[in-house]
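# Reading the structure
What follows is the residue order along each chain.
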Number of protein chains: 2
Amino acid sequence: MNDIRNIVIIGAGNVGTRLAHAFRDAGCRIVQVAGRRNAAVKALADEMEAAMTLSFEEIVKGQDLYLLALPDDAILEVVPQLGLGHELLVHTSGSMPMDVLAPYAESIGVFYPLQTFSSIRPVNMAEVPVLVEAGRIEHEDALLALGRRLSRVVSVADSTRRQRVHIAAVFASNFSNHMYAIAQKLMAESGFDFELLVPLIRETALKAIEMGPGAAQTGPAKRNDLKIIEKHLAMLGNEPEWQQIYALLSKSIDNQNSDK
Amino acid sequence: MNDIRNIVIIGAGNVGTRLAHAFRDAGCRIVQVAGRRNAAVKALADEMEAAMTLSFEEIVKGQDLYLLALPDDAILEVVPQLGLGHELLVHTSGSMPMDVLAPYAESIGVFYPLQTFSSIRPVNMAEVPVLVEAGRIEHEDALLALGRRLSRVVSVADSTRRQRVHIAAVFASNFSNHMYAIAQKLMAESGFDFELLVPLIRETALKAIEMGPGAAQTGPAKRNDLKIIEKHLAMLGNEPEWQQIYALLSKSIDNQNSDK
């Protein structure tokens, strides 16, 4: 297979938009943008100087790559409408096996960027790891080559390993963010602003990145300081959900210590 | 009370060392360093050009401030040995009430820096919030003034509010770090390095700081995507502790959504 140059983007949300920009900046041509929401599809198609369609049956055939940047449920709805033959069709999901695409296209793969995307924050794509998978070795090579034009970190991962990485990402991103959210509510109850925690949150992340999270850990659970842990649990008496989280995570930190 | 200029540091661990440097850089004089571990006490005393003692009965009397930078349990052991009268004695603990000092000194207070300190990473103290408390208003004013010489963010907080902030800090720092630790192990099981998660961890922290953690949240629990959540729980079947954490935090994220 030749280099991937001409790309159809299916889905104009955060992932589709960020990847379309990155592909174009890497020298690819976005031929068409397909999606359901007229405003988002039109905005991205205009930016890419690409054709657009709101009807998935009308995507242009014969291009190098068809990239599905859709929520998992929508992938299963949209794929049967595409009518592709030998064209390379990939999804961008961490959790869907590649094989969900198999009934609908001969050439399938996955192009999964390991990052949290939002509409308002630009992301430096060169630092976003990309995990690729393909049904055929020549497509794997083509996706690796495409990935390397965007990012410094590109690896092959089959569906099982990618799903495992996705779970790790849920812990590292969604769950750590939820810890910030609970902390924010605890601060608000004491009349303090979330701002007060910002240096601590920043330092905790940088310290874990530099030292590794095992060596970076501090606090009552790490010291197995049962007096403080019990006092904190008592103070969380009116918030049983946070109390339960506090107890479970303190025990888990202590278990991790004991494993060493 | 006059300005605090002459300070005795009791405890030469991470907190005592970082604060001693910050006080000196702010124009204070470290008169003496007291502690149990000869090497650490000597190192800090040498750096501060201060006297040192390994015997708490031998601290020099009549200075402006005695700062206890000791673990909570050690505070209760050491304080009865100090033999202070009217001198201002403060501890640096998030979780101990100020009043644990009351039986041992007439003038008491708290000087609590809200940060995770480690021996190998320097911290910009100007960005570390400091919470102060004192038994008398003139000492509160003196501690506020001292705090402002180190840091841009200094507030008064009584023991109950400070303890609540300390719980928030456990969530924002110790528990988010534990999420990184579990993620690291999940990555290792898939044959991937922790490095791959670094851009995600960095972006998650910066995004929460910029947008607030509520608006920044993404992922299956936020979307209440039960198909993915159940698949992830099944994949964690061999790690019941992580499975339990995944289930509890996903439910808590969904509850937070429903509250809005």
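Here we summarise the structure given alongside this text. Residue positions within a chain follow its written sequence, with the count starting from 1. Written order determines the labels here, with chains lettered from A and ligands numbered from 1. It should be noted that, the model being predicted, local features are given only for residues of pLDDT at least 70 and side-chain atom pairs only at 80 or more, the latter also being counted only at that level, while totals for whole chains, interfaces and linings use all residues. Side-chain measures were taken over the full set of non-hydrogen atoms in the model, leaving aside hydrogen atoms and water.

In this text, helices come from DSSP runs of H or I with a minimum length of four residues, and strands from runs of E with a minimum of two, each type numbered from the N-terminal end. The secondary structure content of chain A amounts to 9 helices and 8 strands. Exposure is judged per residue with a 1.4 Å probe applied to protein chains only, and the accessible area is read against the type maximum: over 50% gives exposed, under 20% gives buried, and values in between give partly exposed. Taken across its 260 residues, chain A has 59% of its residues classed as buried. Every residue pair with non-hydrogen atoms within 4.5 Å of one another is taken to be in contact. Put simply, 52% of the contacts in chain A that link residues at least 6 apart link residues at least 24 apart. Method for areas: the Shrake-Rupley scheme with a 1.4 Å probe, in which residue coverage is limited to the protein chains shown. Carbon together with sulfur atoms contributes 49% to the accessible area of chain A, which is approximately 10,200 Å² in total. Within chain A, one finds 25 positive and 31 negative side-chain charges whose respective centroids are separated by 5 Å. Within this scheme the basic residues Lys and Arg register as positive and the acidic residues Asp and Glu register as negative, but His and the chain ends are omitted. Each charge is placed at NZ for Lys, CZ for Arg, CG for Asp and CD for Glu.

Here the focus is the packing of helix α6 (residues 198-211) of chain A against helix α6 (residues 198-211) of chain B. α6(B) packs onto α6(A) with a crossing angle of 175° between their chain directions and a minimal axis gap of 10 Å. The pairing of α6(A) with α6(B) is recorded here as roughly antiparallel in orientation. In this structure, α6(A) contributes A:Val198, A:Ile201, A:Arg202, A:Ala205 and A:Ile209 to the contact, and α6(B) contributes B:Val198, B:Ile201, B:Arg202, B:Ala205 and B:Ile209. Each residue gets one of three labels, nonpolar for Ala, Val, Leu, Ile, Met, Phe, Trp, Tyr, Cys and Pro, charged for Asp, Glu, Lys and Arg, and polar for the others, Gly among them. In the contact of α6(A) with α6(B), the residues fall into 8 nonpolar, no polar and 2 charged. Throughout, an axis means a line fitted to C-alpha atoms (over the contacting stretch in the case of helices), and angles, computed between N-to-C directions, take values from 0 to 180 degrees. Put simply, angles under 35 degrees are roughly parallel, angles over 145 are roughly antiparallel, angles from 65 to 115 are roughly perpendicular, and the rest are oblique.

Turning our eyes to something else, we now look at the sheet that holds strand β5 (residues 88-91) of chain B. Residues and elements named next belong to chain B. The 8 strands lie next to each other as β3-β2-β1-β4-β5-β6-β7-β8, forming an open sheet whose pairing is mixed. At either margin of the open sheet sits one strand with a lone partner, and together these are β3 (51-53) and β8 (154-156). On average, each strand axis in the sheet is inclined to that of its neighbour by 25°, with strand direction left out of account. Strands are treated as partners if at least two bridges between them are detected by DSSP. For strand β1 (residues 6-10) and strand β4 (residues 65-68), the ladder comprises 4 bridges, and the chain directions are parallel. Across the sheet, the residue bridging to Val-8 is Tyr-66, located in β4.

Time to look at the relation of the copies chain B and chain A. Mapping chain B onto chain A is achieved by rotating through 180° and translating by 0.0 Å along the same axis, at an RMSD of 0.0 Å. Taken together, these values place the two copies in the relation of a two-fold axis. Among all residues of chain B, the one whose C-alpha sits closest to the rotation axis is B:Ser176, at a distance of 2.2 Å. In this assembly, 100% of the residues forming the interface of chain B have copies in chain A that are likewise at the interface, indicating an isologous arrangement. Only residues with pLDDT of at least 70 in both copies count here: their C-alpha atoms drive the least-squares fit that superposes the copies.

Time to look at the nonpolar core. As used in this record, nonpolar core signifies buried Ala, Val, Leu, Ile, Met, Phe, Trp, Tyr and Cys residues forming a set joined through side-chain atoms within 4.5 Å. Of all hydrophobic cores here, the largest spans 119 residues; its most connected members are A:Ile10, A:Leu68, A:Phe171, A:Leu197, B:Ile10, B:Leu68 and B:Phe171. The residues touching A:Ile10, leaving out its near neighbours within four places in the chain, are A:Ala34, A:Phe56, A:Tyr66, A:Leu67, A:Leu68, A:Ala69, A:Leu70, A:Val78 and A:Leu82.

A word on helix α1 (residues 14-25) of chain B. Residue and element names in this part refer to chain B. Helix length check: α1 (12 residues) gives 17 Å between terminal C-alpha atoms against 16 Å at 1.5 Å per residue, within 8%. Along α1, the residues classified as buried are Gly-16, Thr-17, Arg-18, Leu-19, Ala-20, Ala-22 and Phe-23. On its buried face, α1 sits against β1, β2 (29-34), α2 (38-48), β4, β6 (107-113) and α4 (137-150). Following α1 by one or two positions, Gly-27 adopts a phi angle in the positive range, close to 100°. The length a helix should cover is 1.5 Å for every residue beyond the first.

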